[in-house]
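Below, each chain spelled out in residue letters.
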Amino acid sequence: MAAAAKAAVPDKDKMSNLSFVLNAPRDVCFAEQPKPALGDAHDVLVAVDYTGICGSDVHYWQHGSIGHFVVRDPMVLGHESAGTVVETGSAVTGLGPGDRVALEPGSGCRRCPDCRAGRYNLCESMVFAATPPHHGTLTGLWVAPADLCYRLPDTVSLREGALVEPLAVAVHIVRQAGIRPGQSVAVMGAGPVGLLCAAVARAHGAATVVSVDIVQAKLDFARRFAATHTYMPRPRTSPPDNAAAIRAHAGLPRGADVVIDASGAEPSIQTSLHLVRMGGVYVQGGMGKADISFPIMALCLKEVTARGSFRYGPGDYELAIQLIASGQVDVKQLISAVVPFSQAEEAFRRVQEGQVIKMLIAGPNNDDNI
Ligand SMILES: [Zn+2]
Ligand SMILES: [Zn+2]
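Residues numbered from 1 in each chain as written. Chains lettered and ligands numbered in written order. Predicted model: local features only at pLDDT ≥ 70, side-chain atom pairs only at ≥ 80, totals over all residues.

- The protein chain is annotated in an unreviewed UniProt entry as L-arabinitol 4-dehydrogenase of Hirsutella rhossiliensis.
- Note on the protein chain: under the UniProt heading Cofactor (unreviewed entry), the record states "Zn(2+)".
- For the protein chain, the Function (unreviewed entry) comment in UniProt is given as "Xylitol dehydrogenase which catalyzes the conversion of xylitol to D-xylulose. Xylose is a major component of hemicelluloses such as xylan. Most fungi utilize D-xylose via three enzymatic reactions, xylose reductase (XR), xylitol dehydrogenase (XDH), and xylulokinase, to form xylulose 5-phosphate, which enters pentose phosphate pathway." (UniProt positions renumbered as here; feature names shortened; annotations may be inferred.)

## With respect to the pairing of strand S8 (residues 100–103)
Piece 1. Neither face of S8 is open: one carries Arg100 and Ala102, the other Val101 and Leu103, and all of them are buried.
Piece 2. Bridging between strand S7 (residues 80–88) and S8 involves four bridges; their strand directions are antiparallel. Its bridge partner lying in S8, Ser81 is registered against Leu103.
Piece 3. Of the pairings in the sheet, the one linking S8 to strand S12 (residues 149–151) comprises three bridges and is antiparallel in character. Of the residues in S12, the one forming a bridge with Val101 is Arg151. (Buried ≥ 20, exposed ≤ 12 C-beta atoms within 10 Å, placed from the backbone. Helix = DSSP H or I, 4+ residues; strand = E, 2+ residues; numbered from the N terminus. Pairing = 2+ DSSP bridges.)

## Thoughts on the UniProt feature "domain: Enoyl reductase (ER)" (unreviewed entry) in the protein chain
Piece 1. Per the UniProt record, "domain: Enoyl reductase (ER)" (unreviewed entry) is found at residues 23–361.
Piece 2. Between the C-alpha atoms that bound residues 23–361 there is a distance of 19 Å. The span itself is 30% helix and 27% strand.

## Some points on the nonpolar core
Nonpolar side chains tend toward joint burial in soluble globular proteins.
Piece 1. Formed by 106 residues in total, the largest nonpolar core has its most connected members in Val46, Leu167, Cys197, Ala198 and Ile260.
Piece 2. Here this core takes nine residues from helix H4 (residues 164–177), the largest share from any one element.
Piece 3. If we skip the residues at most four places from it in the chain, Cys197 touches Ala170, Ile173, Val174, Val187, Ile260, Ala262 and Gly285. (Core = buried A, V, L, I, M, F, W, Y, C linked by C-beta atoms within 7 Å. Contact = placed C-beta atoms within 7 Å.)

## Things to note about the sheet that holds strand S17 (residues 276–284)
Picture the strands of a sheet paired through backbone hydrogen bonds; they go either parallel or antiparallel.
Piece 1. Here six strands make up an open sheet; going across it, the order is S15-S14-S13-S16-S17-S18 and the pairing parallel. For this open sheet the edge positions go to strand S15 (229–231) and strand S18 (305–308), each flanked by a neighbour on one side alone. Across the sheet, the axes of successive neighbouring strands diverge by a mean angle of 20 degrees, strand direction being ignored.
Piece 2. By the bridge criterion, five bridges tie strand S16 (residues 256–261) to S17 in an arrangement that is parallel. (Axes fitted to C-alpha atoms, helices over the stretch in contact; angles between N-to-C directions.)

## Let's talk about unusual backbone geometry
Piece 1. The amide bond that connects Pro132 to the next residue, Pro133, takes the cis arrangement and shows omega of 10 degrees.
Piece 2. Mapped onto the secondary structure, Pro133 falls in the loop between strand S10 (127–128) and strand S11 (141–145).
Piece 3. Even without being glycine, Ala130 reaches a positive phi, approximately 60 degrees.
Piece 4. Within the secondary structure layout, Ala130 lies in the loop between S10 and S11.

## Concerning the pairing of strand S19 (residues 335–339)
Piece 1. In the sheet, S19 pairs with strand S20 (residues 358–362) via four bridges, with the strands oriented parallel. For Ile335, the partnering residue across the bridge sits in S20 and is Lys358.
Piece 2. After leaving S19, the chain enters helix H11 (residues 344–353) and then returns to the sheet as S20, a path that is right-handed. (Right-handed = clockwise from strand over helix to strand, strands pointing away.)

## Overview of the packing of helix H1 (residues 55–63) against H11
Piece 1. Here H1 crosses H11 at 100 degrees, and the two axes come no closer than 10 Å. Here H1 lies roughly perpendicular to H11, going by the angle between them. Between H1, through Val58, Trp61 and Gln62, and H11, the contact on the second element is made entirely by Phe348, Val351 and Gln352.
Piece 2. Of the residues that constitute the contact of H1 with H11, the class distribution is four nonpolar, two polar and no charged. (Parallel < 35°, antiparallel > 145°, perpendicular 65-115°, else oblique. Nonpolar A, V, L, I, M, F, W, Y, C, P; charged D, E, K, R; others polar.)

Shown next as structure tokens:
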């Protein structure tokens, strides 16, 4: 077997730790932060090459908070990153300088009942990038435990590596749904996570995948990317009527075996419960309003299995990387543009305007010719 391709090892002394910092809502700046050092023998120092912008980053930029997470002190944004290993701690095996890695941005405490039960995404002591008060990955250098740095196969680029994080979110959602070969799946919302859910559902053998969104361009993309069917809900139409129309359009008279909400929008969630079949599965992946009107009678009478999904857990990053490496999910198609670090704010603006799927920002030490 050929040795894994390694990137040239960057010289950390010559590297900048320029960071993209949120001071207050709509107030961002570039600031040179102190360079992080390995804090533990198991740590790895990584030069960040690319970071994707997530809806949550844009939300913090706009509003300074998400739910009870409030930005009180300046915070570096970003959590969807891939980079190149610069230095490893003395106990690290299996990773070395020059290795290209996808970064899992959250670190559980490893000691609480949830961590010990293998559900570390539920850890109450989770330290997660760009979730206040913790800094994110739109920075030059990043330190993480080695087991949260996943080596990319030679065939997977660093740009694709930055898409592993949102793909892992979709993998977790699809695993929560327990999709089996031949099943029908409806995905509400055709943003990045909804699109990736559709693709992962196909990779799990779903025979019918219907993407639902209110933007035609997103549906057109979904159809090319992964969906077998698409549907645009009609305005001023009740959720039961929209659900009936989706069933008819997708040839699912009994309803969908699985409905995934990747929108967080109240009408979509309501439609989902009318769209799912008797005894079907509903998974909430999207985050919108904290409280909504929910068709709980449909849930009860149809004996629907409803599950939440939050971030990702054991094995999700590995599967996401395998899905990319095997060509089953072509995340490259989602990359709308790559911009240099100096254009980070402009990239955020473009995401907020909604004309792009996924923007990548090159790291401040990445001299990739963009
Ligand atoms: Zn994200
Ligand atoms: Zn824990």
